[in-house]
Amino acid sequence: MADNARAKKLADLIRKVIAEKLQRGIKDPRLGTHVTITDTRVTGDLQEATVFYTVYGDDEDRASAAAGLESAKGILRSAVGAAAGTKFTPTLTFIADALPDNAKAIEDLLDKARAQDAKVREASSGATYAGDADPYKAPGEDDAAE
């Protein structure tokens, strides 16, 4: 079993090698320049690597990029093996990263909250206090009332 530092180091190397290979080495038009490797995780035994990626574009671009990555998996694994120099090259699994979708959902929720804040601000613009302007008693008021 490898230590976590070694797995992290191998994950960083895999991310770097795959990104460079996608940019320069693979001529598949489905991948192009709109695929970004966001994260890589390696299991503790260094046998499997999960590569997270995002695709700039619509659903059709995402589907074609997923197919392109699956077809280029062998070439990418060979490049990782040559760069890593380990006894066993980890198998690669590509997973579309949900980060952009999560960020969009959060941004939509923030826009909704801003709109509600604007409504409250607008409704309270001409409002006055329910009680006196100064709700605190001044010293000596109780003595004067008695």
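What comes next is a walk through the structure. (Residues numbered from 1 in each chain as written. Predicted model: local features only at pLDDT ≥ 70, side-chain atom pairs only at ≥ 80, totals over all residues. Heavy atoms only, no water.)

A word on the overall build of the chain. Across its full length, the chain carries five helices and three strands. Starting at the N terminus and ending at the C terminus, the chain contains elements arranged as α-β-β-α-α-β-α-α. Since a compact globule built from 146 residues should have a radius of gyration of about 15 Å, the 29 Å found for the chain marks it as more spread out than a globular shape. Each principal axis of the C-alpha atoms in the chain carries an extent, and together these give about 95 × 40 × 20 Å. Expressed as a percentage of its 146 residues, the buried residues of the chain come to 23%. Restricting to contacts in the chain with at least 6 residues of sequence separation, those with at least 24 account for 60%. Here the chain displays about 10500 Å² of accessible surface, and carbon together with sulfur accounts for 53% of that area. (Helix = DSSP H or I, 4+ residues; strand = E, 2+ residues; numbered from the N terminus. Rg over C-alpha atoms; globule rule 2.2 N^0.38 Å. Buried < 20%, exposed > 50% of the residue type's maximum accessible area, 1.4 Å probe, protein only. Contact = heavy atoms within 4.5 Å. Areas by Shrake-Rupley, 256 points an atom, 1.4 Å probe, with all protein chains shown as cover.)

This brings us to the sheet that holds strand 1 (residues 35-42). Spatial ordering of the open sheet is given by 1-2-3, a layout of three strands whose pairing is mixed. Either end of the sheet is taken by a strand with one partner, and the two such strands are strand 1 and strand 3 (91-96). Neighbour-to-neighbour, the strand axes of this sheet turn through a mean angle of 25 degrees, independent of strand direction. Together, strand 1, strand 2 (48-55) and strand 3 form the strand contacts of helix 2 (residues 59-71), whose direction differs from that of strand 2 by roughly 150 degrees. (Pairing = 2+ DSSP bridges. Axes fitted to C-alpha atoms, helices over the stretch in contact; angles between N-to-C directions.)

In this section: the pattern of salt bridges. A full pass over the atoms with the stated rule returns eight salt bridges. Note that aspartate 111 is salt-bridged to arginine 114, the shortest N-O span being 2.8 Å. Of this pair, aspartate 111 and arginine 114 both sit in helix 4 (residues 99-123), three residues apart, roughly one helical turn. What makes aspartate 111 partly exposed here is its relative accessible area of 39%. (Salt bridge = Lys/Arg side-chain N within 4 Å of Asp/Glu carboxyl O.)

With 13 residues, helix 2 ought to run about 18 Å at 1.5 Å a step, and its terminal C-alpha atoms sit 19 Å apart, in line with that. Taken together, the buried positions of helix 2 are Ala65, Gly68 and Leu69. Projected onto a plane normal to the axis of helix 2, the buried residues spread over an arc of 95 degrees and lie on a single side. Every exposed residue of helix 2 that faces more than 90 degrees away from the buried side is listed here: Asp59 and Glu60. (Expected span 1.5 Å × (residues − 1). Arc of directions from axis to C-beta.)

Here threonine 54 shows up in strand 2. Classification of threonine 54 as buried rests on a relative accessible area of 15%. With residues up to four places along the chain from it excluded, the contact list for threonine 54 reads His34, Val35, Thr36, Thr38, Asp97 and Pro100.

This is a description of form; function is not addressed.
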